[in-house]
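Report on the structure
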Amino acid sequence: MLSSLLERKIEKRPDKIRLEGRVLFLTEDPELIKRQLAGEDLAWDTKNPAKNPKLRDDISTDEITPAHYCFYFDETLGEIPYLGLKCGDVLPIGRSDVKRGRFVCAVSGKRRGKGSSREQSPYAEMCAGIRVVIAENIERIYKQNCQNLGLLTSTNFSLIDKIRAGEEIPLSEFTAGEDEITRQVIEYGGLFPFNVARMQGKVFLPPITTAREAVAGKRAGATRPMTVAEKIFARHMVNDRGEVGVAAVKPGDTGFARADLRFSHEYVTPMAAIFFERYVGKDAQVNDPHSIIFFRDHLTFLDEVISEEKKKLGLLDLATQLKIKQQDFAAKQGVRLHGELKDRKGSEGICHSIVLESYALPGQLNIGSDSHTPHVGAIGCVAFGIGTTDVFNSWITRDVRVKVPESVKIVIRGKKHRNVTAKDFILKILSLDYVRSGKALAKVMEYAGDAVEALSVDERATMTNMAAEIGGFTGIVAPDKKAVDFLVERRGMDRNKAQAMIEGLYSDPGAQYAEVIELDAADITPMVATPGDPGNGKYIRDLHTPVPVEIAYGGTCTAGKNEDMDMYALVLADALKHGKRVADSVKFYIQFGSQETRDYCIRRGYLDVFQKAGVQVIEPSCGACINAGPGVSTRPDQVVISAQNRNFPGRSGPGQMYLASPLTVAASAVAGYIVEYEPSEKKELVSA
C-alpha cells in the first residue's frame, strides 16, 4: 500500500483560480430562489449588505441532502443538493435544479452545514457544479468535509463580485487565516492528496512547541495549565519525530492525533470503502483493523417507513447495497461489524450506545463517522465526528487532522427539580445567545458544576452527545467516581484499574477558556425545543396554549440508554397506578439504544409496564431520528414530541417536532398534549 502511494504523482493547485458560472443565493424568500433557478441572476450589493434580501441561516446537512438520498454514494448525488431546503413552508429546489442552473457558488447566512457529519452534502454540491461555498460562518465538520474534498469555503462576501466578473482569484483568499496544515490541504486540493504528499515528505508539518513556550522564563518542569480536553489532545498528538504524545498543547496548535478507536456506520463505510479502493488499491489493507469498528445501525427499519414513491426510485434497493458493501468490506479487512440480529428484526445497537457501553475509555481519543460521536465524552474521553474522507484517510494513517480547539466551560450549580433531566439542561444551553449566535462553533464543551457531577454517566452522555447540536467540536465531563462506577458495574472492570485511568484527567487551575457560562439548576424547569431547530428552547410553562400530540417517541442514542428507560418506566408506572395509560390520540414508541439496554429493561420488568401502558417497543436502531423507522411523522400538521437530539425540517418526516426529555415525552404521551411530568411524591429539589 505505502509503496504505491510513495510513487504517486501529486501536484498543488494553481496559485490563482477562475470560477466561471452563476451564484446561487439561498434566501429566506422561496420565490427569489425559484427565479434564480429559472435563469435570473439576483442583484446583490456586497458593499451595502443591509439592502440585500435575507439569507437563510442554519441550513443543516439534512436540508442539503435529505437522509434518504444519502443512499447514493456516487456522482448521482449531484442531482440532490438542497432538496430539503425549507423557506417558510416551501421547498423551492427540485431534483437537478442546481446542476441545470450552472451555479458555481452557493451563498447563505449563519451556521451553514449544521447537524449531521454526512460528507454526501458537500460532495453533492461539488457534483452539481458548486466549487465555492460562502456563508457568514460555517460549521466545523461540514467545513472540514469541504476542505477534504477540495470544495472551497469562505466567509468573505466580497468574493461574490469577483466570481460574477469571472476574475482570477488568488488561492490565498481561501487559505488566509487557516492553520499551516489546513492551508496545505486546500493547496493540494483535498486531504488524500495532502496525505500522499505527507508520506512523500513534500509538506510541512509545524512542530508543536507549546511546552517550550510555557517553560520560557519559568522554573524547570513548568507547563501551561491545560483543560482536561487539552491534556488528552497532548497525549495523542504525533510529534515531529513521528512519536505519539507531546508535553502540552494550546488552542490553535495543529497536527495529527493518533486515534484509539475509529468507527463508521453503513451510511458512511461504503463511500469510504469506495474511496479507499479507488485511491489506495482494491487489495490494500487498512492500518490496524482491530481498532476499527463498523456498525449496521441506521437503516434497520427503513423498509417499514419508506414511501412507495421512494421505493420506485430504487432507494430501498440502494440502502440494501449500503449494507452489503459494508459487510463485504468488513469481512475482507477483518474489521469487527456490529450488525443486524439473526433471530429478529433489529440491530445489536446504535454505534454511540455500544461504544460507550463496551469500548471507550477515559483519556482516549476516538473518532467516528457521526456528529454525535461526542456521546462517549461522558466518561472523559475526547471523541468527535469526522466525514467520509477523514474516515478513509484514517484507515491509511490511523490518525486524524486536528486543530486544538478552544474550550467553553459550562458550569451548572445547585440542585435540580425532580422533573428536570440532562436533556432540559442541554436544551437550556442550546437556547443561549452565545450558542445561537454561533460563538460556540468548533469549541469543546466542558460540562462541570455540582449539578453535572450529580448526573449519572448515562445522563452526562445526553449532554456530551448534544454538543453536536451546539456545533461544538466535542463535549466532555472530567471523569470521576461516577465514571469509575460505570466501568466497574457495566464493564466488569477492576476498580483499581478504572481508578488509575482517570488519574490526572481534570482541568488544571488556571486553565484558559474562551467562555465560562454559569447556570443555576434551580432556575431550569422542563423544556421543549419548538419545531425547526434544537435551539428553539422554551420552558413548557411558557407555551401558554395546550399543544396536542399524535406521536411520542423515546429512543435514539440520546434517549435510548438505561437511565432513559428508567424515566419512561417511572412515568408510565405512575400513570398505571392512577388508572391511566397512553392517550388514545397518541402513538407512543420506545426504542432501545442497544441490546444491553433491552436486556436491562427485561431484568427490571419494564417491558410489562410498557405493554400495559400501550407503548409500541422497538428493537435497537437509529430509526425515526433519521426518518428511517417507526415514529416518523407522515403529515405536515402532525405534532410529534421526541426525546431525540434534533428537529431540523424534514429530518424525521414532514411533521412539527418538539424535542423534550424522556420524562416530558412519556408524560405528554399519557396526557395527549405537551405537559411537564408531575411526580406523585412531594416536589422538591434533588441532587441526583
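Residues numbered from 1 in each chain as written. Predicted model: local features only at pLDDT ≥ 70, side-chain atom pairs only at ≥ 80, totals over all residues. Heavy atoms only, no water.

Description of the overall build of the chain
The secondary structure content of the chain amounts to 29 helices and 26 strands. Its C-alpha radius of gyration of 24 Å places the chain within 12% of the 26 Å reference for a compact globule of 688 residues. With the C-alpha coordinates aligned to their principal axes, the bounding extent of the chain is approximately 75 × 70 × 50 Å. For the chain, the residues scored as buried account for 63% of the 688 residues in total. Pairs at least 24 residues apart make up 75% of the contacts formed inside the chain by residues separated by at least 6 positions. Only carbon and sulfur atoms are counted for the fraction: they give 48% of the accessible area of the chain, which is about 25,100 Å². Distance between charge centres in the chain, computed from 90 positive and 91 negative side chains, equals 1 Å. (Helix = DSSP H or I, 4+ residues; strand = E, 2+ residues; numbered from the N terminus. Rg over C-alpha atoms; globule rule 2.2 N^0.38 Å. Buried < 20%, exposed > 50% of the residue type's maximum accessible area, 1.4 Å probe, protein only. Contact = heavy atoms within 4.5 Å. Areas by Shrake-Rupley, 256 points an atom, 1.4 Å probe, with all protein chains shown as cover. Lys, Arg positive; Asp, Glu negative; His and termini not counted. Charge placed at Lys NZ, Arg CZ, Asp CG, Glu CD.)

Here's the deal with unusual backbone geometry
Phi is mostly negative for residues that are not glycine, and the peptide bonds are mostly trans. In this model, R398 sits at a positive phi of 65°, which is unusual for a non-glycine residue. Among the secondary structure elements, R398 is positioned in the loop between α17 (388-397) and β13 (399-403). Exposure remark for R398: the relative accessible area of 22% places this residue in the partly exposed category. Despite not being glycine, A442 shows a phi value in the positive range, around 65°. Residue position: A442 is located in the loop between α19 (433-436) and β16 (444-448). A442 gets classed as partly exposed once you look at its relative accessible area, which sits at 28%.

Observations concerning the packing of aromatic side chains
Inspection of the entire model under this criterion finds 20 aromatic pairs. Aromatic side chains F294 and W395 sit 5.8 Å apart centroid to centroid with 55° between the ring planes, which places their arrangement in the tilted category. Note that F294 is positioned in strand β9 (residues 292-295) and W395 in helix α17, a separation of 101 residues in sequence. Residue class for W395 comes out buried when judged on its relative accessible area of 1%. Feature note: the residues Y123, F192, F275, Y279 and F392 constitute an aromatic cluster, connected by ring pairs. The cationic tip of R140 hangs over the ring face of F473; the distance from NZ or CZ to the ring centre is 4.2 Å. The ring of F256 is capped by R198, whose NZ or CZ atom sits 3.7 Å from the centre of that ring. (Phe/Tyr/Trp six-rings, centres within 6.5 Å; stacked < 30°, edge-to-face > 60°. Lys NZ or Arg CZ within 6 Å of the ring centre and 35° of its normal.)

A look at the pairing of β16
Of all five residues in β16, five are buried; the element is thus mostly enclosed. What you see with β16 is no split at all: V444, E446 and A448 on one side and M445 and Y447 on the other are buried throughout. In this sheet, β16 lies alongside strand β14 (residues 407-413) in parallel orientation, the contact comprising five bridges. For K409, the partnering residue across the bridge sits in β16 and is E446. Where β16 meets strand β17 (residues 474-476), three bridges bridge the pair, whose relative direction is parallel. (Pairing = 2+ DSSP bridges.)

Re the state of the cysteines
By definition, a disulfide links the sulfur atoms of two cysteine residues through a covalent bond. Following the criterion strictly, the structure yields zero disulfides and no others. Between C601, a cysteine without a disulfide, and C557, which holds the nearest cysteine sulfur, the sulfur-to-sulfur distance is 16 Å. (Disulfide = S-S within 2.5 Å.)

What to know about the packing of helix α6 (residues 140-149) against α17
Running from N to C, α6 and α17 point in directions that differ by 65°, and their axes come no closer than 8 Å. Contacts from Q144, N145, N148 and L149 in α6 reach T388, T389 and D390 in α17. Looking at the contact of α6 with α17 residue by residue, the class counts come to one nonpolar, five polar and one charged. (Axes fitted to C-alpha atoms, helices over the stretch in contact; angles between N-to-C directions. Nonpolar A, V, L, I, M, F, W, Y, C, P; charged D, E, K, R; others polar.)

Points about the confidence of the model for the chain
Looking at the chain as a whole, its pLDDT mean stands at 94, while 97% of the residues score no less than 70. Per-residue pLDDT stays below 50 along residues 683-688; that stretch engages in 16 contacts with residues further than four places along the chain or on separate chains. (pLDDT = per-residue confidence, 0-100.)

Thoughts on the pattern of salt bridges
Overall, the coordinates contain 53 salt bridges when judged by the stated rule. Two residues, R111 and E139, come together in a salt bridge whose shortest N-O distance is 2.7 Å. Remark: E139 occurs in the loop between β4 (132-134) and α6 and R111 occurs in the loop between β3 (103-107) and α5 (120-127); sequence separation between them is 28 residues. Neither residue differs from the other here; R111 and E139 are each classed as buried. Taking the shortest distance from any N to any O, the salt bridge between D399 and R198 comes out at 2.6 Å. Here D399, found in strand β13, pairs with R198, found in helix α10 (residues 191-199); they are 201 residues apart in sequence, far enough to count as distant. Overall, the relative accessible area of 6% leaves D399 in the buried class. Linked through salt bridges whose partners overlap, the residues forming this network are K12, E180, R183 and E187. (Salt bridge = Lys/Arg side-chain N within 4 Å of Asp/Glu carboxyl O.)

Overview of the sheet that holds β16
Here four strands make up an open sheet; going across it, the order is β17-β16-β14-β18 and the pairing parallel. In the strand order of this sheet, the two ends are held by β17 and β18 (515-520), each with one partner. Across this sheet, the average inter-strand angle for adjacent strands is 20°, counted without regard to direction. Two elements, β14 and β18, share six bridges in a ladder whose sense is parallel. Residue pairing across strands places V408 opposite E515, the latter belonging to β18.

Focus: the sheet that holds β3
Pairing is parallel across the open sheet formed by four strands, whose spatial order is β2-β3-β4-β5. Here the strands that pair on one side only, and so sit at the sheet edges, are β2 (22-25) and β5 (152-154). On average, each strand axis in the sheet is tilted by 25° relative to the strand beside it, whichever way the strands run. Sheet analysis places β2 next to β3, joined by four bridges and oriented parallel. Paired with F25 across the two strands is V107, which belongs to β3.

A few points about the nonpolar core
Judged by nonpolar contacts, the single largest core of 104 residues is most densely connected at F384 and W395. Setting aside its immediate chain neighbours within four residues, W395 contacts R262, S264, T269, A272, A273, F276, V286, N287, I292, F294 and F329. (Core = buried A, V, L, I, M, F, W, Y, C linked by side-chain atoms within 4.5 Å.)

Topic: the side chain of S154
The topology assignment puts S154 in strand β5. In this structure, S154 is in contact with V133, I134, A135, I138, L159 and F174, ignoring residues within four places of it in sequence.

As for the side chain of E619
Mapped onto the elements, E619 comes out in the loop between β23 (615-618) and β24 (639-642). For E619, a relative accessible area of 13% translates into the label buried. Looking at E619, its side chain comes within polar contact range of the side chain of R344, at 2.7 Å. At a separation of 2.9 Å, a polar atom in the side chain of E619 contacts the side chain of R598. Contacts of E619, omitting those with residues within four sequence positions, involve F301, L341, R344, K345, G346, Q591, F592, Q595 and R598. (Polar contact = N/O pair within 3.5 Å; in protein donor to acceptor, adjacent residues only side chain to side chain.)

Examining the environment of E168
Secondary-structure assignment places E168 in strand β6 (residues 168-170). For E168 and S60, which are 108 residues apart along the polypeptide, the C-alpha to C-alpha distance reads 31 Å. Once residues lying within four places of it in the same chain are set aside, the contact partners of E168 are K16, I17 and R18.

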